[in-house]
Amino acid sequence: MNYEILKLEIQNGIAIVTISRPQALNALNTRFFLEMDDMVANIKNNPDVKVMIITGEGKAFVAGADIAEMVNKNKKEGSEFSRLGQNTFHSLELMEIPVIAAINGFALGGGLELALGCDFRIASTKAKFGQPEVNLGLIPGYGATQRLPRLVGMADALYMLITAEMITAADALRIGLVQKVVEPEQLMDEALRLAKLIVAKGPYAVKKVKKVTRASRHLSFIEGCELEDQEFGSLFGKGNEGEEGMKAFLEKRTPNW
Ligand code: CO8
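Residues numbered from 1 in each chain as written. Predicted model: local features only at pLDDT ≥ 70, side-chain atom pairs only at ≥ 80, totals over all residues. Heavy atoms only, no water.

Describing the domain arrangement of the protein chain
Splitting the protein chain by domain gives domain 1 (6–199) and domain 2 (203–250). Averaged C-alpha coordinates put domain 1 and domain 2 at centres separated by 28 Å. Counting the surface lost from both domain 1 and domain 2, the interface buries some 790 Å², and carbon and sulfur atoms represent 53% of this. Contact with domain 2 buries surface across domain 1, with Glu-93, Glu-96 and Arg-150 losing the most and accounting together for 50% of the total. At the surface where domain 1 touches domain 2, the tally comes to 4 salt bridges. A salt bridge links Lys-210 to Asp-119; the nearest nitrogen and oxygen atoms lie 2.8 Å apart. For the pair domain 1 and domain 2, the number of links is 8 residue pairs in polar contact (both at pLDDT 80 or more). Of all the elements in the fold, those that place two or more residues in the side of domain 1 that touches domain 2 are α3 (75–93) and α5 (144–152). (Domains from an automatic or database assignment. Buried area = accessible area lost by both parts, 1.4 Å probe. Salt bridge = Lys/Arg side-chain N within 4 Å of Asp/Glu carboxyl O. Polar contact = N/O pair within 3.5 Å; in protein donor to acceptor, adjacent residues only side chain to side chain. Helix = DSSP H or I, 4+ residues; strand = E, 2+ residues; numbered from the N terminus.)

Below, the structure is given as structure tokens:
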């Protein structure tokens, strides 16, 4: 696929995906979702990529779903547009490799929902976060009603969803919406630093830890612990990653994954 909105750069096992439609503050339109689906599929098929970073070009990460595209939709088309974005963000969340959102500016509405579909979020001090859908007489349609309360708790989620107030990066850090805040000029350096840390780990172990931890959302505690012990065991034995990692520790050398 020829990308018009997304830019991809791959360096040392790290895929950096930049959303580049700055004239509309990177608002999410149908074209974006088609490109993102294609991008996720491509990166999934590239065994060299161990981690993905998503960021935005210009003053926004993403300022929401494209209001100009949505305005004339009927009920059925509205639901379809919601499902399109939900599916894309589900497939992003289901990627085996970790996905980091590097939030450079506005992360509003569908833009915050995109960030919620990533595994964790780092933000520039300039970033602003909000779920402004009720200002438009809408509710979120790309998963925020479900992901936000699970991430930050019911009261902070409802505060954001009902007041539509934009919050600062410092407040986003305080409620656990982002994991780290850095100066704007350090954002990509910090995202790359974290990505490099991840690239150095056992790649199979990183995928398993994501899979088992994310499964805690739909499994009971007991089922989750069962999955954990199965996957823990899968890393042992001759030629497996755990064997190499533990041997390397005991032999005081860097593991050769
Ligand atoms: N959609 C389309 N265009 C947008 C959007 C958007 N979400 N946000 C900004 N733009 C456009 C503006 O219209 C403007 O275009 P133009 O230059 O042609 O007039 C350009 O981007 C620059 O924007 P501004 O001039 O407004 O920039 P400011 O710095 O003055 O303001 C803001 C920045 C505060 C971010 C402001 O642009 C804003 O409030 N944007 C809208 C934010 C918003 O309400 N987002 C939520 C959208 S709804 C949503 O995301 C629901 C998701 C679920 C959908 C489910 C499917 C049915």
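What about the environment of Ser-91?
Relative to the helices and strands, Ser-91 resides in helix α3. Between the alpha carbons of Ser-91 and Met-36 there is a distance of 9.7 Å; along the sequence they are 55 residues apart. Setting aside chain neighbours within four positions, we find Ser-91 in contact with Asp-37, Val-40 and Lys-44. (Contact = heavy atoms within 4.5 Å.)

Overview of the packing of helix α1 (residues 30–44) against α3
Between α1 and α3, the shortest axis-to-axis distance is 10 Å and the interhelical angle comes to 20 degrees. Taken together, α1 and α3 sit at an angle that is classed as roughly parallel. Here α1 runs over α3; the crossing is left-handed. Contact residues: Thr-30, Phe-32, Phe-33, Met-36, Asp-37, Val-40 and Lys-44 in α1; Phe-81, Leu-84, Gly-85, Thr-88, Phe-89, Ser-91 and Leu-92 in α3. (Axes fitted to C-alpha atoms, helices over the stretch in contact; angles between N-to-C directions. Parallel < 35°, antiparallel > 145°, perpendicular 65-115°, else oblique. Left-handed = near helix turned anticlockwise from the far one by under 90°.)

Things to note about the site of the ligand
Taken together, 25 residues surround the ligand, and among them Lys-59, Ala-63, Ala-65, Ile-67 and Gly-110 come closest. Measuring from an oxygen atom of the ligand, one finds a side-chain N or O atom of Lys-59 at 2.5 Å. Take Gly-110: an N or O atom from its main chain is 2.8 Å from an oxygen atom of the ligand. If the ligand stood free it would expose 1,100 Å²; the protein chains cover 63% of that surface. (Near = heavy atom within 4 Å. Areas by Shrake-Rupley, 256 points an atom, 1.4 Å probe, with all protein chains shown as cover.)

A short note on helix α6 (residues 154–163)
If you check which residues of α6 are buried, you get Ala-157, Met-160 and Leu-161. Axial view of α6: buried residues confined to an arc of 95 degrees, hence all on one face. Residues Ala-155 and Ile-162 are exposed on α6 and point more than 90 degrees away from its buried face. Looking at the packing, one finds that the buried side of α6 touches α4 (110–116), β8 (128–130), α5 and β9 (167–168). A positive phi of about 60 degrees marks Ala-164, the residue just after α6. (Buried < 20%, exposed > 50% of the residue type's maximum accessible area, 1.4 Å probe, protein only. Arc of directions from axis to C-beta.)

Some remarks on the sheet that holds strand β10 (residues 180–182)
Pairing between sheet strands relies on hydrogen bonds along the backbone, with the strands arranged either parallel or antiparallel. The 6 strands lie next to each other as β1-β2-β3-β5-β7-β10, forming an open sheet whose pairing is mixed. Looking at the sheet topology across the chains shown, the edges are occupied by β1 (6–11) and β10. When strand polarity is set aside, the average angle formed by the axes of neighbouring strands in this sheet is 20 degrees. Of the strand pairs in this sheet, strand β7 (residues 120–124) and β10 are connected by 3 bridges, and their pairing is parallel. Directly across from Ile-122, in β10, lies its bridge partner Lys-180. Against the sheet, α1 engages β1, β2 (14–19) and β3 (51–56), with an angle of about 20 degrees to β1. (Pairing = 2+ DSSP bridges.)

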